[in-house]
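# Reading the structure
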Amino acid sequence: MIPHRTDHHHWNAATQTASREQLDALHLERIRHLVGWAYENSPLHRRIYDAAGVKPADIRTWDDYHHRLPFTDKPDYVADQENSVTGFGGTALGTDRWQQYFHTTGTTGRFLNEAFTHYEMHKAGSQYCYGLWDHGIRPKDSIYFCFDFGMWIGLWSYYWGARNLGLTIISGGGASGAQRVRQILERRPTIVCGTPTYLLHLAEIAQREGLDIRDAGVKMVAGGGEAGFSIPATREQLKQAWGVEHVYDAYGVGEALFIGQSCAEWAGGVHAVEDVCHSYSVDPDSGDPITASGEVGEHVITSYTHFAQPFIKYRTHDLVRIDSEPDHGCGWTWKHLLGVVLGRADFMVTIRGVNVYPTAVENLVGEVPGLSNHYELHISRVEGMDRMLVKVEAAPGAAADSSVLADRLADHLRANIGVRLETEVLTEGALPRYELKTKRIFDSRSASDRPTATLGGRA
């Protein structure tokens, strides 16, 4: 049952509008308790802390947390699960407490099995309520899911968020793209949930079928899994294609669920949901905290909602910029991640001395007339130098030929990024379409040629 709320913008005003001093004090208290609990209940954490010569009682201050407590990383959990009877790594609660199993999407090539309790699945849903409530979504509204529900936690947690908020749920599982278009036009949901590329793909399908998806009267498109919802060019394409006012972004790390939500006063990113996690960024090489506002660093999180598998001071490998002034008219004081995920520390590409972020490329592609939002980045190393080839489809009915469009894109990238990239413009439909996360980056570099950030010596 949804409690009566008088605050029209904040799901939990007590914490969403708290001062940084209050939030930091609350975070430190939670982290200290969590470190002690994990040490007593998770064999993996006990081994990691013992190897570092650290006991829970040693973590008393932020300096202790930043410089004494070791980082944890996905390989720690994967190695642990390979040696586990249950096949799950880093667990702290017995299998009798588990309710649902998942695994990560395998972005880095190896799945991490995940276990969640009944409480954790309910709590997962609360993470969405902050942003949806701020956008004006209420229990009378409805949501259409464009996915087949599988082993990825993201869709299930979004489902629990809809349940927690009391939304009417419409599932498009098992339907084709054309069937989903007709279902959306028939059911007229308030929200349609999908990845940005798939939502744009549905608009294309509708056009081919002689239908206009805008006739459904959808008020919001929402989802996650890709950067597009917080990229200005892609957001504008979504608004135009669907005729919506609201584009809602959710940033997730499967191990800790969706930990970032966009507010209604969107300012180029998402707020970390500090009720459910601690968020900060570090220098990928030294592991020292980033203190300058807007400086790029690797995102490190501690989850307060995953006790079956604790994730404490966990490396996400996501590159982020954290804004020191998060309140841009929304009243939220929670940290704001500008541009959400700029790239991956393990996918960093430096072209002739210039760091190239995939999100920057996507936004610039969207600014060139005659190009679609369907693109791929192909990374290689030739004669000791990183190279990037940008493949992108021409937009339907593009006036210029492919070579002219490729030159325009190369010039636009050079003018804005500072380096000229190789470009190739393909015909419409040449690149694959994805229902879940779209595969954007194809890295053919050998493992020895890719960047390896050790974070103070701990891989």
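Before going into details, it helps to say that this report is about the structure given with it. Source: prediction; values computed, not measured. (Residues numbered from 1 in each chain as written. Predicted model: local features only at pLDDT ≥ 70, side-chain atom pairs only at ≥ 80, totals over all residues. Heavy atoms only, no water.)

If you trace the four strands from one edge of the open sheet to the other, you get S18-S17-S16-S19, paired in mixed fashion. Sheet topology places strand S18 (422–426) and strand S19 (441–443) at the edges, where each strand pairs with a single neighbour. Pairwise comparison of adjacent strand axes, ignoring direction, gives a mean angle of 20° for this sheet. Pairing between strand S16 (residues 371–382) and S19: three bridges, direction parallel. Bridge pairing in S19 links Leu-377 to Ile-441. (Pairing = 2+ DSSP bridges. Helix = DSSP H or I, 4+ residues; strand = E, 2+ residues; numbered from the N terminus. Axes fitted to C-alpha atoms, helices over the stretch in contact; angles between N-to-C directions.)

Glancing now at the pairing of strand S11 (residues 296–303). Within S11, seven of the eight residues are buried, which leaves it mostly tucked inside the rest of the structure. Here six bridges tie strand S10 (residues 277–282) to S11, and the two strands are oriented antiparallel to one another. The residue of S11 that forms the bridge with Ser-281 is His-299. As paired strands, S11 and strand S12 (residues 314–323) are joined by five bridges and run antiparallel to one another. Bridge pairing links Gly-297 to Val-320 in S12. (Buried < 20%, exposed > 50% of the residue type's maximum accessible area, 1.4 Å probe, protein only.)

Quick look at the packing of aromatic side chains now. Where two aromatic rings form a pair, the distance of their centres and the angle of their planes describe that pair. Summed over all chains, the structure comprises 22 aromatic pairs. Ring centres of Phe-88 and Tyr-101 lie 5.4 Å apart, and the angle between their planes is 50°; this geometry places the pair in the tilted category. Highlighted residues: Phe-88 in the loop between helix H5 (74–82) and strand S1 (98–103) and Tyr-101 in strand S1, separated in sequence by 13 residues. Look at Phe-149 and Tyr-159: their rings are 6.3 Å apart centre to centre, the planes differ by 80°, and that puts the pair in the edge-to-face class. With Phe-149 in the loop between strand S3 (142–145) and helix H7 (153–165) and Tyr-159 in helix H7, the pair connects residues that are 10 residues apart, well separated along the chain. Residue class for Phe-149 comes out partly exposed when judged on its relative accessible area of 29%. The class of Tyr-159 is partly exposed, set by a relative accessible area of 22%. Cluster of aromatic residues (ring-pair linked, three or more members): Phe-102, Phe-116, Tyr-128, Phe-145, Phe-149, Trp-156, Tyr-158, Tyr-159 and Trp-160. A cation over an aromatic ring shows up here: Arg-235 above the ring of Trp-266, its NZ or CZ 3.8 Å from the ring centre. (Phe/Tyr/Trp six-rings, centres within 6.5 Å; stacked < 30°, edge-to-face > 60°. Lys NZ or Arg CZ within 6 Å of the ring centre and 35° of its normal.)

Two quantities define a packed helix pair, namely the angle between the axes and the distance from one axis to the other. Two numbers describe how helix H6 (residues 118–134) lies on H7: the axes approach to 7 Å, and their chain directions differ by 70°. Judged by the angle between their axes, H6 and H7 are roughly perpendicular. Our pair here, H6 against H7, has a crossing hand that is right-handed. Residues Met-121, His-122, Ala-124, Gly-125, Ser-126, Tyr-128, Cys-129, Leu-132 and Trp-133 of H6 form the contact with H7, whose participating residues are Ile-153, Gly-154, Trp-156, Ser-157, Tyr-158, Trp-160, Gly-161, Asn-164 and Leu-165. (Parallel < 35°, antiparallel > 145°, perpendicular 65-115°, else oblique. Left-handed = near helix turned anticlockwise from the far one by under 90°. Contact = heavy atoms within 4.5 Å.)

As a packed pair, helix H2 (residues 20–41) and helix H3 (residues 43–51) sit with axes 6 Å apart at the nearest point and diverge in direction by 105°. Of the possible angle classes, the one that applies to H2 and H3 is roughly perpendicular. Between H2 and H3, the residues in contact are Val-35, Ala-38, Tyr-39, Glu-40 and Asn-41 and Pro-43, His-45, Arg-46, Tyr-49 and Asp-50, respectively. When grouped by side-chain class, the residues that make up the contact of H2 with H3 number five nonpolar, two polar and three charged. (Nonpolar A, V, L, I, M, F, W, Y, C, P; charged D, E, K, R; others polar.)

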